[in-house]
Amino acid sequence: SGTYTLQASVGIDSPYDLGLGVFPVAVGPRPTGLVAQDVLTSAISIFTATATLTDQVGPVSGETVAFTFESVTRTGVTNAFGVVTATFTAPSSSGTLAYNVDFSSTAKYQDSHVTAVVVTTQRPTDMNSPALSVLALDSFSPASTLRDTQTGLGLGGKTVTFFFQGSRRPVPYIRPFV
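Residues numbered from 1 in each chain as written. Predicted model: local features only at pLDDT ≥ 70, side-chain atom pairs only at ≥ 80, totals over all residues. Heavy atoms only, no water.

Trainee: Now, about the packing of aromatic side chains: what can you tell me, with residues and values included?
Mentor: Tallied over the full model, the rule gives five aromatic pairs. Plain terms: the ring middles of F47 and F69 are 5.2 Å apart, the flat faces sit at 90 degrees to each other, and that makes the pair edge-to-face. Residue F47 is located in strand β5 (residues 46-54), and its partner F69 is located in strand β6 (residues 64-69); the two are separated by 22 residues in the primary sequence. Between F103 and Y109, the ring centres sit 6.5 Å apart and the planes meet at 65 degrees, which makes this aromatic pair edge-to-face. (Phe/Tyr/Trp six-rings, centres within 6.5 Å; stacked < 30°, edge-to-face > 60°. Helix = DSSP H or I, 4+ residues; strand = E, 2+ residues; numbered from the N terminus.)

Trainee: Give me the lowdown on the side chain of R123, citing residues and values where you can.
Mentor: Tracing the backbone shows R123 in the loop between β10 (112-121) and β11 (125-128). Note on R123: relative accessible area 18%, which makes it buried. Within the structure, the side chain of R123 is placed 2.7 Å from the backbone oxygen of A43, a separation counted as a polar contact. Within the structure, R123 has its side chain in polar contact with the side chain of D148 (distance 2.4 Å). Not counting the four nearest positions on each side in its chain, R123 is found in contact with S42, A43, I44, S45, D148, Q150 and T151. (Buried < 20%, exposed > 50% of the residue type's maximum accessible area, 1.4 Å probe, protein only. Polar contact = N/O pair within 3.5 Å; in protein donor to acceptor, adjacent residues only side chain to side chain. Contact = heavy atoms within 4.5 Å.)

Trainee: Run through unusual backbone geometry, naming residues and quoting values.
Mentor: Only a minority of non-glycine residues have a phi that is not negative, and only a minority of peptide bonds are not trans. Even without a glycine there, the phi angle at I44 is positive, about 55 degrees. Secondary-structure assignment places I44 in the loop between β4 (39-42) and β5. On the basis of relative accessible area, I44 is assigned to the exposed category, the value being 51%. Positive phi, normally seen in glycine, also occurs at L137, with a value near 70 degrees. Looking at the secondary structure, you find L137 in the loop between β11 and β12 (145-148). L137 gets classed as exposed once you look at its relative accessible area, which sits at 89%.

Trainee: Let's hear about the sheet that holds β10: which residues, and what values?
Mentor: With mixed pairing, five strands are arranged side by side in an open sheet as β4-β10-β9-β6-β7. Sheet topology places β4 and β7 (72-77) at the edges, where each strand pairs with a single neighbour. For this sheet, the mean inter-axis angle between neighbouring strands, taken without regard to orientation, is 25 degrees. Where β4 and β10 come together, four bridges link them in parallel fashion. Considered in β10, the bridge of L40 is made with V119. (Pairing = 2+ DSSP bridges. Axes fitted to C-alpha atoms, helices over the stretch in contact; angles between N-to-C directions.)

Trainee: With reference to specific residues and values, describe the nonpolar core.
Mentor: Most often, soluble globular proteins have nonpolar side chains that are buried together. Judged by nonpolar contacts, the single largest core of 21 residues is most densely connected at F47, A51, V65, F67, F88, Y99 and V101. Taken together, the elements giving at least two residues each to this core come down to β3 (33-36), β5, β6, β8 (83-89), β9 (95-103) and β10. Setting aside residues up to four positions removed in sequence, F88 forms contacts with S45, I46, F47, A49, F67, T68, F69, V72 and R74. (Core = buried A, V, L, I, M, F, W, Y, C linked by side-chain atoms within 4.5 Å.)

Trainee: Tell me about the pairing of β10, residues and numbers included.
Mentor: Here β9 pairs with β10 via nine bridges, running antiparallel. Within β10, the residue paired with N100 across the bridge is T115.

Trainee: Explain the environment of T50 to me, and be specific about the residues and the numbers.
Mentor: Tracing the backbone shows T50 in strand β5. When the C-alpha positions of T50 and A36 are compared, they lie 5.8 Å apart, and in sequence the two are 14 residues distant. Residues contacting T50, with those up to four places away along its chain left out, are V35, A36, Q37, F67, V83, V84, T85 and Y99.

Below you can see the structure in the form of structure tokens.
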């Protein structure tokens, strides 16, 4: 962008003399647009934020775009389709948060900004408890193994509360699943 000079001339053609002209041309940056995709993820998972940068005629490639989520900023460069991505880690609690995508103006393009949503759900788990066999009126100690179904890893240090025939018993330690 900037101001440039256009020169024009008309050759000598009888009965006219050589015509010359100088004209200023103001060149401005092209307007852009950003579209960002909403994300659905689970707590403490790595997710990918995706955005597309375009101008009036199509995708804008080779430009740097910044993503910000939870005060963490990552940058990426748009590909041939104007698409750019960044990875982040979801928070440990469930809820809905926003991420921002920013393209700063350049000599060729105007700036663009957009906000998208990150919906974080609780992580899925499963629990395995062995079958128990006890005699009437005997006390027993239930046990269970809790694991994260996305990673397959056991979750130690969690409290499980067992309910049996109207009684409730919290058990403060669960053996990690191996």
